[in-house]
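What follows is each chain in one-letter form.
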Amino acid sequence: MPTRTVPTWSLRPATPGDLDALTELRAVVMRPDLERLGRYDEHRVRQRLRDAYVPEHTSIVEYDGAFAGCVALRPFEDGWWLEHFYLSPGLQGRGLGTAVLAGLLARTDAMGAPVRLDVLQGSAARRLYERHGFTLEREDPVDVHMVRAPGA
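To keep things clear, this report deals only with the structure shown in the data block. What you see is a predicted model; the values in this text were computed from it and never measured.

### With respect to the layout of surface pockets
Thinking step 1. The volume enclosed by the largest pocket comes to roughly 1,300 Å³.
Thinking step 2. If you trace the largest pocket, you find 41 residues lining it, with M30, F85, Y86, V119 and A125 closest to the centre.
Thinking step 3. For the lining of the largest pocket, the secondary-structure elements that each account for two or more residues are α1 (19-36), α2 (42-52), β4 (79-87), α3 (96-110), β5 (115-120) and α4 (125-131).
Thinking step 4. Looking at the lining of the largest pocket residue by residue, the class counts come to 22 nonpolar, seven polar and 12 charged.

As C-alpha cells, then:
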C-alpha cells in the first residue's frame, strides 16, 4: 500500500547568495499588481529589493525541501515591519502564506509588539493580512499601510 507524505514547509535564514532568486521572484509576483497600477518597471522592481535586502532580517520559505519564497521581519519603531513576503505563484492560495504569517505573528505577539506593513492597492494579499488582524492605518493611491496590534 503506497504511503502519501504531506509536504512540509520551513523557514531558514537568508544569505547574500539568495538575493538573485528573491529579486526574480519579486518581479514575477508583483508584476500583475504593478502593471494594473501603471507602475511596473522591469529594472526598478528588482532594484528596490536589492537596495533594501538585509539577510539578517530575511527568511527563506522552503516547501517540501525546495525554495518557495521569502519574508522579512525587521525591527521598526515600537515593533516590527513585515516586508518582502513573496511566495511562488504555484504555491499561492494553498494555505502556505497563512501558515508562514501565523508563525511570524505568534512570535511578535509573544513579544507584545505591533507589526506594520504596506500592500499595493487592490492586491489580493490585503485579504490575507486582514484575516490575521491587520487594519488600515492610512493609504495613498499606490499603497495601503496596515498595522496589527499584538494578539489581534
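### Quick word on the packing of aromatic side chains
Thinking step 1. If you walk through the whole model with that rule in mind, you get two aromatic pairs.
Thinking step 2. Ring centres of Y129 and F134 lie 5.7 Å apart, and the angle between their planes is 70°; this geometry places the pair in the edge-to-face category.
Thinking step 3. Using a relative accessible area of 3% as the deciding quantity, one classes F134 as buried.

### Section: α2
Thinking step 1. Along α2, the residues classified as buried are V45, R46 and L49. Considered in projection along α2, the buried side chains sweep an arc of 90° and stay on one side of the axis. In α2, the exposed residues that point more than 90 degrees away from the buried face are H43 and D51.
Thinking step 2. Lining the buried residues of α2 we find α1 and β4.
Thinking step 3. Structurally, the start of α2 carries an N-cap: the backbone nitrogen of H43 is 2.9 Å from a side-chain oxygen of D41.

### Comments concerning α1
Thinking step 1. Across its 18 residues, α1 extends 26 Å between first and last C-alpha, which sits within 8% of the 26 Å expected from 1.5 Å per residue.
Thinking step 2. Listed in full, the buried residues belonging to α1 are L19, L22, T23, L25, R26, A27, M30, D33 and L34.
Thinking step 3. Buried residues along α1 sit in contact with α2, β2 (58-63), β3 (66-76), β4 and β5.
Thinking step 4. In the stretch just after α1, G38 is the one whose phi turns positive, near 70°.

### Let's talk about the pairing of strand β7 (residues 143-148)
Thinking step 1. Within β7, five of the six residues are buried, which leaves the element mostly enclosed by the surrounding structure.
Thinking step 2. As judged from the six bridges shared by β5 and β7, these two strands associate in the antiparallel manner. Paired with V119 across the bridge in β7 is V144.
Thinking step 3. In terms of strand pairing, strand β6 (residues 135-139) meets β7 through four bridges, oriented antiparallel. Looking at β7, one finds that R138 is bridged to H145.
Thinking step 4. Following β6, the chain reverses through three residues before pairing antiparallel with β7.

Rules behind the numbers
Residues numbered from 1 in each chain as written. Predicted model: local features only at pLDDT ≥ 70, side-chain atom pairs only at ≥ 80, totals over all residues. Heavy atoms only, no water. 1 Å grid on protein atoms, 1.4 Å probe; cavity = no way out; pocket = protein on both sides within 12 Å on 5 of 7 lines; lining within 4 Å. Points joined across faces, edges and corners; volume = space filled by probe spheres on them. Helix = DSSP H or I, 4+ residues; strand = E, 2+ residues; numbered from the N terminus. Nonpolar A, V, L, I, M, F, W, Y, C, P; charged D, E, K, R; others polar. Phe/Tyr/Trp six-rings, centres within 6.5 Å; stacked < 30°, edge-to-face > 60°. Buried < 20%, exposed > 50% of the residue type's maximum accessible area, 1.4 Å probe, protein only. Arc of directions from axis to C-beta. Contact = heavy atoms within 4.5 Å. Polar contact = N/O pair within 3.5 Å; in protein donor to acceptor, adjacent residues only side chain to side chain. Expected span 1.5 Å × (residues − 1). Pairing = 2+ DSSP bridges.

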